[in-house]
Amino acid sequence: DIQLAQAEADIQLAQAEADIQLAQAEAGIELATSINSGIKPENLLETRAKRGDANAQYILGLEYFGGFGRVKDYRKALEWYQKSANQGHIKAQHELGGMYYYGNGTTKNAKKGVEWWEKAANQGNVDAQYNLGIAYQKGYGNYGSGKDYKKAITWYQKAANQGDAGAQNNLGYMYSMGLGIRQNHKKAFEWYQKSSNQGNIDGRNNVGRMYLKGNGVRQNKAKAKEIFGKTCDDGNQVGCDNYRLLN
């Protein structure tokens with residue numbers, strides 16, 4: 001779980017950088033106009049946000065969250081995400097859900113986080129769909145309350161259909177273990193393979209396990225060893241451990 005959470009954090013941070021760069025590029029003409037009007041470039045985004053521009057509010061939240069050009073401040077990030085999300089900004093709703101779910105800049109409130117993720121997910125946000133899958137698979141309340149495998153599958157399926165490699169891997173796991181759905185190793189293998197084809201390390205390791213055990217595919221220990229070797233070469237410890245077991 002710790003490794004998974006770290007991977008998600010890295011992805012969100014990288015996405016934040018990309019979103020900010022895109023916003024800056026899109027704002028180029030407006031920026032030049034504003035400079036001519038006497039507005040300093042560094043104040044443009046905040047000026048637009050204060051005027052109610054939902055996208056500017058979202059970008060400002062990203063900057064405060066990641067410390068991009070500003071002092072990192074989760075409370076201010078939360079404030080601007082909230083303003084943007086209240087106007088229906090889908091990405092802001094997703095980010096706001098994460099703030100509540102993990103307790104960044106506010107008291108942790110997983111239920112409220114899930115509610116905001118659902119708002120974004122229902123509008124097609126793939127990251128929110130994936131996060132909901134995890135939340136419902138593992139349970140997000142005290143002592144695992146909130147666990148609902150059927151809902152987890154629903155959201156993993158939506159995200160997987162949009163090409164999310166992590167969701168494809170996790171959907172394969174649900175089929176493999178028979179969690180909330182009839183166990184089906186063939187479908188599990190298919191989803192693991194789709195995930196692996198996108199470079200997902202967990203998906204690749206799971207494809208190796210399926211070949212090793214002959215679940216959903218003809219057993220092929222040589223193929224399994226080859227796959228584990230490749231994941232090991234990519235620096236994955238699980239792949240290395242599995243490769244050694246086959247030597």
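Residues numbered from 1 in each chain as written. Predicted model: local features only at pLDDT ≥ 70, side-chain atom pairs only at ≥ 80, totals over all residues. Heavy atoms only, no water.

Student: Help me understand the overall build of the chain, please; the structure alone is not making it clear to me.
Tutor: For the chain, the helix and strand inventory stands at 14 helices and 0 strands. When the elements of the chain are put in sequence order from the N terminus, they spell out α-α-α-α-α-α-α-α-α-α-α-α-α-α. Taking the contacts inside the chain whose residues are at least 6 apart along the sequence as the reference set, 42% of them involve residues at least 24 apart. A total accessible area of about 13400 Å² is found for the chain, and carbon and sulfur atoms account for 47% of it. (Helix = DSSP H or I, 4+ residues; strand = E, 2+ residues; numbered from the N terminus. Contact = heavy atoms within 4.5 Å. Areas by Shrake-Rupley, 256 points an atom, 1.4 Å probe, with all protein chains shown as cover.)

Student: Just checking my understanding: could you explain the side chain of N200 for this structure?
Tutor: On the secondary structure map, N200 appears in the loop between helix 11 (185-197) and helix 12 (201-213). When its relative accessible area of 18% is taken as the criterion, N200 is described as buried. At 3.1 Å, the side chain of N200 forms a polar contact with the backbone nitrogen of D202. Once residues lying within four places of it in the same chain are set aside, the contact partners of N200 are A165, G166, N169 and S195. (Buried < 20%, exposed > 50% of the residue type's maximum accessible area, 1.4 Å probe, protein only. Polar contact = N/O pair within 3.5 Å; in protein donor to acceptor, adjacent residues only side chain to side chain.)

Student: I'm lost on the environment of Y130 in this one. Help?
Tutor: By the secondary structure assignment, Y130 is in helix 8 (residues 126-138). Distance in space between the C-alpha atoms of Y130 and N170 is 9.2 Å, their sequence separation being 40 residues.

Student: Is there a simple way to explain the state of the cysteines in this structure?
Tutor: Linking two cysteines covalently through their sulfur atoms gives a disulfide. Overall, the coordinates contain 1 disulfide when judged by the stated rule. Between C232 and C240 runs a disulfide, and the two sulfur atoms are separated by 2.0 Å. Taking the sign of the torsion about the S-S bond as the criterion, the disulfide between C232 and C240, at about 90 degrees, is right-handed. C240 gets classed as buried once you look at its relative accessible area, which sits at 10%. (Disulfide = S-S within 2.5 Å.)

Student: Any chance you could explain the packing of helix 10 (residues 165-177) against helix 11 here in plain terms?
Tutor: In a packed pair of helices, the relevant descriptors are the angle between the two axes and the axis-to-axis distance. Between helix 10 and helix 11, the shortest axis-to-axis distance is 8 Å and the interhelical angle comes to 165 degrees. When the interaxial angle is binned, helix 10 and helix 11 end up roughly antiparallel. At the point where helix 10 passes helix 11, the crossing takes the left-handed sense. Every residue of helix 11 that contacts helix 10 at A165, Q168, N169, L171, G172, Y173, Y175 and S176 is listed here: H185, K187, A188, W191, Y192, K194 and S195. (Axes fitted to C-alpha atoms, helices over the stretch in contact; angles between N-to-C directions. Parallel < 35°, antiparallel > 145°, perpendicular 65-115°, else oblique. Left-handed = near helix turned anticlockwise from the far one by under 90°.)

Student: Is there a simple way to think about helix 7 (residues 110-121) in this case?
Tutor: Structural remark: α-helix, 3.6 residues per turn; residues separated by three or four positions point the same way. With 12 residues, helix 7 should reach 16 Å at 1.5 Å per residue; the first-to-last C-alpha distance of 16 Å fits that figure. Within helix 7 the residues assigned to the buried category are A110, G113, V114, W116, W117, A120 and A121. The buried side chains of helix 7 occupy one side of the element, clustering within an arc of 165 degrees when seen end-on. In this structure, the buried residues of helix 7 make contact with helix 5 (74-86), helix 6 (90-102), helix 8 and helix 9 (149-161). (Expected span 1.5 Å × (residues − 1). Arc of directions from axis to C-beta.)

Student: I'm lost on the pattern of salt bridges in this one. Help?
Tutor: A side chain of one charge can pair with a side chain of the opposite charge when the charged atoms of the two come close. Inspection of the entire model under this criterion finds 8 salt bridges. With a shortest N-O distance of 3.3 Å, D53 and R48 are connected by a salt bridge. Across the pair D241 and R244 runs a salt bridge, and its minimum N-O distance is 2.5 Å. In this pair, D241 and R244 are both assigned in helix 14 (residues 237-245), 3 residues apart and thus about one turn of the helix distant. You can call D241 partly exposed: its relative accessible area is 33%. Through salt bridges with shared partners, a single ionic network connects E46, K50, E63 and R70. (Salt bridge = Lys/Arg side-chain N within 4 Å of Asp/Glu carboxyl O.)

Structural measurements only, silent on function.
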